Amino acid sequence: MTSLIDVIFLLLLFFMLSSTFTKFAEIRLDTGTGGPAAPAPAATPPLFLQLGADTIRLNAQEVSLEDLPDRLAAEAPDDTETASRTLIIAPSGDDLTSQRLIDLLVVLRQQPGFDIRVLE
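To start, this report covers the structure provided alongside it. In this text the structure is predicted, and so the values were computed from the model without any measurement.

Comments concerning the overall build of the protein
The secondary structure content of the protein amounts to three helices and five strands. Residue burial in the protein is summarised as follows: out of 120 residues, 22% are buried. Taking as baseline every contact in the protein between residues at least 6 positions apart, the subset at least 24 positions apart corresponds to 73%. When the accessible area of the protein is evaluated, it comes to approximately 9100 Å², of which 58% is carbon and sulfur surface.

Re the pairing of strand S4 (residues 85-91)
Relative to S4, strand S1 (residues 47-51) runs parallel, the two sharing five bridges. Paired with Leu51 across the strands is Pro91, a residue of S4. Two elements, S4 and strand S5 (residues 114-118), share five bridges in a ladder whose sense is parallel. Each residue of the ladder has a partner; that of Leu87, found in S5, is Ile116. Of the crossover connections in this fold, the one passing from S4 over helix H3 (residues 98-109) to the parallel S5 is right-handed.

Brief notes about a nonpolar patch on the surface
Taken together, the side chains of Leu4, Ile5, Val7, Ile8, Leu11, Phe14 and Phe15 make up a nonpolar region of the molecular surface, amounting to roughly 730 Å² of accessible area. Tracing the backbone through its elements, the reader meets Phe15 in helix H1 (residues 4-18).

Here we look at the pattern of salt bridges
If you walk through the whole model with that rule in mind, you get three salt bridges. The partner of Glu75 in a salt bridge is Arg85, and the shortest N-O contact between them spans 3.0 Å. Of this pair, Glu75 sits in helix H2 (residues 68-75) while Arg85 sits in strand S4, placing them ten residues apart in sequence. The class of Glu75 is partly exposed, set by a relative accessible area of 31%. Between Arg117 and Asp115 there is a salt bridge, with its nearest N and O atoms 3.2 Å apart.

Things to note about the packing of aromatic side chains
On inspection of all chains with the given rule, the structure shows one aromatic pair. Between Phe14 and Phe15 the ring centres are 5.2 Å apart and the planes differ by 65°, which places this aromatic pair in the edge-to-face class. Each member of the pair, Phe14 together with Phe15, is exposed.

Conventions we followed
- Residues numbered from 1 in each chain as written.
- Predicted model: local features only at pLDDT ≥ 70, side-chain atom pairs only at ≥ 80, totals over all residues.
- Heavy atoms only, no water.
- Helix = DSSP H or I, 4+ residues; strand = E, 2+ residues; numbered from the N terminus.
- Buried < 20%, exposed > 50% of the residue type's maximum accessible area, 1.4 Å probe, protein only.
- Contact = heavy atoms within 4.5 Å.
- Areas by Shrake-Rupley, 256 points an atom, 1.4 Å probe, with all protein chains shown as cover.
- Pairing = 2+ DSSP bridges.
- Right-handed = clockwise from strand over helix to strand, strands pointing away.
- Patch = residues over 30% accessible without salt bridge, like charges linked within 9 Å, V, L, I, M, F, W, Y side chains within 5 Å.
- Salt bridge = Lys/Arg side-chain N within 4 Å of Asp/Glu carboxyl O.
- Phe/Tyr/Trp six-rings, centres within 6.5 Å; stacked < 30°, edge-to-face > 60°.

See the structure below:
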């Protein structure tokens, strides 16, 4: 008769060898934190992007996900090497999916010169 510890050891060994420990894809999410606000440059106000289940609004103007890179290119700072412009993303609506947010973040990650913040 096999002891219980042998069975547990075999199960542990099986699950350790059959699982993966790699991370397939990561998207960094920066959220606003409590506390004093950092002084922002007065010359470039932040952009506000409101993400809904069916709509995307950039500074209160509706834009499609396909047209968003062109609109952001017009709003990007002139020198993307040293300057960055804050882009605040506000998810809205109860029917918004996390996949929609990920699709937006993939598009935004390809745009240089933006410091992306996601509101809670």
